[in-house]
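Listed below, chain by chain, are the residues.
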Amino acid sequence: MFLLGALLSVGCAPLRSDPLPEIGPPEMGVVETVRRLDVRAGESTWERGALATMTLNPVIVAVAVLATEDELGRSQVREYEIRLAHDQRAVVRSRYVAERGQCVMLRRGMGADYVIIIAHPVAACAAGGVEP
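Residues numbered from 1 in each chain as written. Predicted model: local features only at pLDDT ≥ 70, side-chain atom pairs only at ≥ 80, totals over all residues. Heavy atoms only, no water.

Caption draft 1: How the structure looks around the state of the cysteines. The tally for this structure, following the rule as stated, stands at one disulfide. Sulfur-sulfur distance for the disulfide between Cys103 and Cys125 comes to 1.9 Å. Its torsion about the S-S bond being 100 degrees, the disulfide of Cys103 and Cys125 is classed as right-handed. Remark: Cys125 occurs in helix α5 (residues 122-127) and Cys103 occurs in strand β4 (residues 103-108); sequence separation between them is 22 residues. Like Cys103, the residue Cys125 is buried in the burial classification. (Disulfide = S-S within 2.5 Å. Helix = DSSP H or I, 4+ residues; strand = E, 2+ residues; numbered from the N terminus. Buried < 20%, exposed > 50% of the residue type's maximum accessible area, 1.4 Å probe, protein only.)

In structure tokens form, the structure reads like this:
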């Protein structure tokens, strides 16, 4: 068992990940609209069944194959329209849950197509030039 663990750890030693992309400057904003979206997860019943078969557990195989597409085939994302300083607007898709009227900080990835939103107190928006 020890030998198997040592072989696996040596096999993973040369793995390296790409560096994280740089994140741009913070932008303060107020959430104006919230829309819930259902996005296809990009997997089929057959793909789930094949992966479940590798577990060798008949219960997991049955659940993976017989489950409805709506439960396992979709992912929920929220789309926010955010009012920024100087009357600029941004449309952001995120799994983060924010409410209408909430003050948030946006951090955009440089060269990447994603945005991180973080909740902040209303005073932070006022200091950032955005009236709640």
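And the narrative resumes.
Caption draft 2: Focus on the environment of Ile23. Within the secondary structure layout, Ile23 lies in the loop between α1 (2-12) and β1 (27-40). Separated by 85 residues in the primary sequence, Ile23 and Arg108 place their C-alpha atoms 5.7 Å from one another.

Caption draft 3: How the structure looks around the pattern of salt bridges. In total, this model carries six salt bridges according to the counting rule given. In this structure, Arg108 and Glu27 form a salt bridge, with 2.6 Å as the shortest nitrogen-oxygen distance. With Arg108 in strand β4 and Glu27 in strand β1, this residue pair connects regions lying 81 residues apart in the sequence. Residue classification places Glu27 among the partly exposed positions, given a relative accessible area of 21%. (Salt bridge = Lys/Arg side-chain N within 4 Å of Asp/Glu carboxyl O.)

Caption draft 4: Layout of the side chain of Glu79. Along the polypeptide, Glu79 turns up in strand β2 (residues 74-84). A polar atom in the side chain of Glu79 sits 3.2 Å from the side chain of Arg93. Excluding residues within four positions of it along the chain, Glu79 makes contact with Thr33, Val34, Arg35, Leu37, Val91, Val92 and Arg93. (Polar contact = N/O pair within 3.5 Å; in protein donor to acceptor, adjacent residues only side chain to side chain. Contact = heavy atoms within 4.5 Å.)

Nothing here speaks to function; it is all geometry.
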